[in-house]
Amino acid sequence: MASSRSSPSAPRAAGIFHKERDDPRLRVRSLPDVCPKEPTGEGRGLCGGPSVVAEHEPWTVYSSKVNLPAALNDPRLAKRESDFFTKTWGLDFTETEVAPCCHLPSITRDDFSHYLQETAQRERIHERCKTICPNKDVDSVSSVNINHDKTKSELEQVPKIFMKPDFALDDPGTFNAVLPWSHFNSAGGKSSRDVASSKLLQEKLSHYLDVVEVSIARQISLRSEAFFHAMSSQHELQDRLQNTQRAVSVLRQRTADMDRVMCRGPLSALRSALTRNNCVKLHNKLKLMAAVHQTQPTVQLLLSTSEFVGALELIATTKEVLQQELQGIHSFRHLGSQLCELEKLIDKMMVEDFSIYARSDLNRSLRDEPQVLEKVKTPNAATEKERLESLVFGLLRQRKLDFLDIYNEEMISAAKAIVNQCVADCVLQIEEIDTEVVTKLADQMRVMTFPQWFDLLKNVFDCFLLFLQRIKSTLTVIRKVVLEALDSHQKHKAFEAAASDPSEVSQNALQLQGAAELAYLTHEGLFISDALNEAKHAEQSGAQERESRQQQDTAQTAGGANNISADNMMPSELELNRVLNNLQEALFTASDVSHDRCVKLLTARAKDGSLERLSSAEFVCLSRAVEQFVRDTEELSGRRSVSLRGALQNQANRFVHRFHEERKTKLGLLLDNERWKQAEVPAEFQDLVNSIAEGSISLPERKLSGPDDRKPTEFLLVNGQKYAVVGTVLLLIRMFLEYCQCVNDIPSISTDMLTRLSDLLKHFNSRSCQLVLGAGALQVVGLKTITTKNLALASRCLQLVVHYIPLIRAHFETKLQPKQFSVLRHFDHITKDYNDHIAEISAKLVAIMDSLFEKVLSKYEVKAPMPSSCFRNVCKQMAKMHEAISDLLPEEQTQMLFLRINASFKMHLKRQLSRLGVINDGGPQHGLVVVDVAFYTENIQVLKSLERLDLNMAEIWEQKR
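Note that this is a predicted model, so its numbers are computed, not measured.

### Notes on the overall build of the protein
Next up, step 1: Each helix and strand counted, the protein has 32 helices and 2 strands in total.
Next up, step 2: In the protein, which comprises 961 residues, the proportion classed as buried is 33%.
Next up, step 3: For the protein, the share of sequence-separated contacts (at least 6 apart) that also reach a separation of at least 24 residues comes to 76%.
Next up, step 4: Of the roughly 60,500 Å² of accessible surface on the protein, a fraction of 54% belongs to carbon and sulfur atoms.

Spelled out as structure tokens, the structure:
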């Protein structure tokens, strides 16, 4: 046990070295384990030993796990050394002196001199006590321990039943266990055996008693010294208490004499003065009670004139007087509860009056009356504006901060009534609507024509604007009241901060006055002169404070009933700021409610799809009216609303869908009836193209003048170039201008309209490809064949559309947001598709001539007469081809097309000459072919726009063998 108790001291003793370990300069590096571990069955080898590289806990003497003699006598070592440490760590390991630690000072006897001086007196006392009560020697201690063990063993012989705390012989079970009469009670009477058993039992019990008495005597003998010391201390304490009692009796007698001689007379004078002061206070209390008694009639008088704030102030003041000045007055025991009920009644009256005011203010005429009610009802009554201010002041004072919820509910009801009233007034003016048959407002609106319904919508917009202006004016009045309350609250805080020191002085004076009065009655050690001076000083301070209070009360009373006192009933600054935020939210709510009612008006009209069937001009008028109303409401409320814009956007999407489907269907019908012949260009379409060239990507306004006498032209002039077009393309130009016009009028549908326009252009491209290149026009229109003229005309129409795609893209780019520019990639895809289609048409024209060359030149023979019929037929077909496309395609495209056709002709001619074996050897066959080629070249270059065409026919010859 000794070793276990002293073991924790080793780490504490080593604790002074912890600081050295924490110092990085003096950190002790752990030494490697020089004794290899015994091999085990786990196969780990020496891998479990400490590492000189990895970080681990510093090694101490307590980390040692190896028996040092076993390590020194290790039989596995190659060579045993006399010294284990010098063998492993060198000769200097044991011989080198350990340097003293720089952190530990050198300790001498002088360092303990102060401690020895302090403990010298205690040591002398301890030595003297040892002489008085000497310690028992070791033999006595050992004998005591031996006797204690012997006593313990003897006590263990006593049965446990005698040691139980609940031992009681009156218990039958305990009695039978202690005195087992069943062993020696015989049925026939006492016998010698029973007598022996009873004697034996008596001796055993006597033995138990002796053992316990010896043990008790031994314990008393061991503690006799302490017992006698305690008894002597008790006698000394009793002697001191008797002396103290006698001293207290003498002191009480002297005090009674002083009280009789010096105190009773002066105290009677002081009690008389206090009695007079109490009478004065009683008189003041009675006057105050008389004033309080008149509270209820005065409150009723104030309520009759709607002076809610004054009545509430009077009630609050009376309640404060009852709690402070008149507390405990039996006659006023019910007045406090009556005032509370009266205050609750005033709260209900204010809430009801505010609700009535809000209802009357919001439901009166919007155009004929001013924004805020200022009409005087009676000569003695305040204006409605003043009444509103008084109501708001009272509600704020009573912390009824949810009064704006009442205003919001009335506002929603008034908004519904505005729509109903506008619809009813409009229906009364329309004779075609029978209100007895069509009873619902939504059905009545759907029966109206669009101009009638649009006039109704504009009327609703105007009413809601006036409605919002009235709400804003009313909320401005309420906001002014709240700002005044907030300003009063801040001024009161500043006044309290400035007057904090005088108030503290006054409070201290009152406390001193109370202390002096208490001293008079309880004799707390003040001299009579000091007590009188303190009372006089406190009375002067109290008079000055009462005078200042009266001046403040007079100033507040002169301020009127609308002034808010800075008592605890007023809302805090945080609550007033929250009310200001709620005022702004109420205006936002009014704007949202107006928009929601207009949305319902819009959706009720659009339920049967009538808004989707509007013309572009009508829908633009509707969109502009809605946008103007939204801008006006946002300017009034200062908040962007999205409900009405969202409803308009929804209708715009439906309108765009219907708008696009109509034009797509119309374009499909036009293409299905198109015979792909060149159409004349009316003057209005030429004007349309000219306006586009001037930068106006929109439909021109219709002229109201008479019919246009200008004759249609054969070609469409676009930037000085002639375009031969079909009638469908002219209408297509007008269609995409209609799309651009809708984007100008309704910018919110730009992305949707761009997608639909790209779909329209793709439809034109794919359908025209099916009808011309795919020869679908043969079955749809009934054409006999697709001629080269049809192909060239289709190519030119596609080129015209490709010309306008960049202009359309630039126009839509001005209407889109930068984040929406990604949708412009549709135009890039459309341009690529159109160019591919144009290239396919050109390839088709070349393929037609290529098949003709293959068919004709396969029968070519080099023989007279010259030029041969084969070359004559080729030149004739080339002339027909040129005649068909020269007026339709521009000169550059015609030249490029004939260059490709000429290359195809040379390829087929070269192949035929190679098959016939004609070579460039100057022979007769060569001469005949030269004549045919010259004839071909002459006929081609005679054609219009092909004069300077370099045919380069020398490539058809094979070299001389």
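### Some words on a nonpolar patch on the surface
Next up, step 1: A cluster of nonpolar side chains, I107, F112, Y115 and L116, forms an exposed patch at the surface whose accessible area comes to about 430 Å².
Next up, step 2: Along the polypeptide, F112 turns up in the loop between α6 (92–95) and α7 (113–132).
Next up, step 3: On the accessibility criterion, F112 (44% relative accessible area) is partly exposed.

### Comments concerning the packing of helix α28 (residues 788–815) against helix α29 (residues 825–857)
Next up, step 1: For the pair α28 and α29, the least separation of the axes is 10 Å and the interaxial angle reads 165°. Considering their axes alone, α28 and α29 lie roughly antiparallel with respect to each other. Classified by chirality, the crossing of α29 by α28 is left-handed. Contacts between α28 and α29 involve T788, L791, A794, S795, L798, Q799, V801, V802, I805, I808, R809 and F812 from the former and F827, D828, I830, T831, Y834, N835, H837, I838, I841, K844, L845 and I848 from the latter.

### Considering helix α31 (residues 891–916)
Next up, step 1: Helix length check: α31, at 26 residues, gives a terminal C-alpha distance of 37 Å against a target of 38 Å (1.5 Å per residue), a fit within 8%.
Next up, step 2: Those residues of α31 that sit buried are T894, L897, F898, I901, N902, S904, F905, K906, H908, L909, Q912 and L913.
Next up, step 3: Each element contacted by the buried residues of α31 is listed here: α29, α30 (869–885) and α32 (924–942).

### Observations concerning the packing of aromatic side chains
Both the distance between ring centres and the angle between the ring planes are used here to describe each pair of aromatic rings.
Next up, step 1: On inspection of all chains with the given rule, the structure shows 15 aromatic pairs.
Next up, step 2: Arranged with centres 5.8 Å apart and planes meeting at 35°, the rings of F655 and F659 form a pair that is tilted. Of this pair, F655 and F659 both sit in helix α23 (residues 643–673), separated by 4 residues, roughly a single helical turn.
Next up, step 3: For F655, a relative accessible area of 0% corresponds to the buried category.
Next up, step 4: Both rings, one in F871 and one in F905, keep their centres 5.7 Å apart while their planes meet at 85°; by these two values the pair is edge-to-face.

### A closer look at the pattern of salt bridges
Next up, step 1: Inspection of the entire model under this criterion finds 18 salt bridges.
Next up, step 2: Salt-bridge contacts for D259 lead to R264; the nearest nitrogen and oxygen are separated by 3.4 Å.
Next up, step 3: Residue classification places R264 among the exposed residues on the basis of a relative accessible area of 54%.
Next up, step 4: R624 is the salt-bridge partner of D745, the closest N and O atoms lying 3.1 Å from each other. With D745 in helix α25 (residues 727–745) and R624 in helix α22 (residues 616–637), this residue pair connects regions lying 121 residues apart in the sequence.
Next up, step 5: Through salt bridges with shared partners, a single ionic network connects R658, E662, R663 and E738.

### What to know about the confidence of the model for the protein
Do not read the predicted coordinates in detail wherever pLDDT is low.
Next up, step 1: Mean pLDDT over the protein stands at 75; residues scoring 70 or higher make up 74%.
Next up, step 2: Element-level pLDDT for the protein is lowest in helix α2 (residues 9–13), with a mean of 37, against a maximum mean of 93 in α29.
Next up, step 3: Under a pLDDT of 50 for its full length, residues 1–54 has, in the predicted model, 34 contacts with residues more than four places off or in other chains.
Next up, step 4: This model gives residues 550–568 a pLDDT under 50, and the stretch forms 16 contacts once residues within four places in sequence are excluded.

### Here's the deal with unusual backbone geometry
Next up, step 1: Between A864 and P865 the backbone carries a cis peptide bond, its omega angle lying at 0°.
Next up, step 2: Tracing the backbone shows P865 in the loop between α29 and α30.
Next up, step 3: P867 follows M866 through a cis peptide bond whose omega is -10°.
Next up, step 4: Position of P867 among the secondary structure elements: in the loop between α29 and α30.
Next up, step 5: Phi at W676 is positive, roughly 60°, even though this residue is not glycine.
Next up, step 6: Judged by its relative accessible area of 3%, W676 is buried.

### Remarks on a negative patch on the surface
Next up, step 1: Together, E680, E714, E883 and D887 give the surface a local cluster of negative charge.
Next up, step 2: Residue placement: E680 occurs in the loop between α23 and α24 (683–693).
Next up, step 3: You can call E680 exposed: its relative accessible area is 55%.

### Some points on the nonpolar core
Next up, step 1: If you look at the biggest cluster of nonpolar residues, it comprises 193 residues, and the most contacted ones within it are I346, F467, L622, F812, L909 and Y936.
Next up, step 2: The element that contributes the greatest number of residues to this core is helix α18 (residues 450–498), accounting for 20 residues.
Next up, step 3: Setting aside residues up to four positions removed in sequence, F812 forms contacts with C740, V743, S750, M753, L754, L757, L824 and F827.

### Some details on the state of the cysteines
Next up, step 1: Evaluation of the coordinates by the stated rule reveals 0 disulfides.
Next up, step 2: Unpaired in terms of disulfides, C740 finds its nearest cysteine sulfur in C742, a separation of 9.4 Å.

### Looking at the side chain of S904
Next up, step 1: Tracing the backbone through its elements, the reader meets S904 in helix α31.
Next up, step 2: In this structure S904 comes out as buried when scored by relative accessible area, which is 8%.
Next up, step 3: Among residues more than four places away in sequence, those in contact with S904 are D850 and F853.

### A word on the packing of α24 against α25
Next up, step 1: Where α24 contacts α25, the two axes come as close as 11 Å, and the packing angle between them is 45°. Put simply, α24 runs oblique to α25. For α24 against α25, the interelement crossing comes out left-handed. Residue-level contacts link F685, L688 and I692 of α24 to L730, L731, I733, R734 and L737 of α25.

### Things to note about the side chain of D745
Next up, step 1: Judged by its relative accessible area of 17%, D745 is buried.
Next up, step 2: Among the polar contacts made by the side chain of D745, one reaches the side chain of R624 at a distance of 3.1 Å.
Next up, step 3: In contact with D745, not counting residues within four places along its chain, are V620 and R624.

### What about the environment of V726?
Next up, step 1: Tracing the backbone shows V726 in the loop between β2 (721–723) and α25.
Next up, step 2: When its relative accessible area of 0% is taken as the criterion, V726 is described as buried.
Next up, step 3: Taking the C-alpha atoms as reference, V726 lies 8.9 Å from V681; in sequence the two are 45 residues apart.
Next up, step 4: With near-sequence residues (within four places) excluded, V726 lies in contact with E674, W676, K677, A679, L793 and C797.

What counts as what
Residues numbered from 1 in each chain as written. Predicted model: local features only at pLDDT ≥ 70, side-chain atom pairs only at ≥ 80, totals over all residues. Heavy atoms only, no water. Helix = DSSP H or I, 4+ residues; strand = E, 2+ residues; numbered from the N terminus. Buried < 20%, exposed > 50% of the residue type's maximum accessible area, 1.4 Å probe, protein only. Contact = heavy atoms within 4.5 Å. Areas by Shrake-Rupley, 256 points an atom, 1.4 Å probe, with all protein chains shown as cover. Patch = residues over 30% accessible without salt bridge, like charges linked within 9 Å, V, L, I, M, F, W, Y side chains within 5 Å. Salt bridge = Lys/Arg side-chain N within 4 Å of Asp/Glu carboxyl O. Axes fitted to C-alpha atoms, helices over the stretch in contact; angles between N-to-C directions. Parallel < 35°, antiparallel > 145°, perpendicular 65-115°, else oblique. Left-handed = near helix turned anticlockwise from the far one by under 90°. Expected span 1.5 Å × (residues − 1). Phe/Tyr/Trp six-rings, centres within 6.5 Å; stacked < 30°, edge-to-face > 60°. pLDDT = per-residue confidence, 0-100. Lys, Arg positive; Asp, Glu negative; His and termini not counted. Charge placed at Lys NZ, Arg CZ, Asp CG, Glu CD. Core = buried A, V, L, I, M, F, W, Y, C linked by side-chain atoms within 4.5 Å. Disulfide = S-S within 2.5 Å. Polar contact = N/O pair within 3.5 Å; in protein donor to acceptor, adjacent residues only side chain to side chain.

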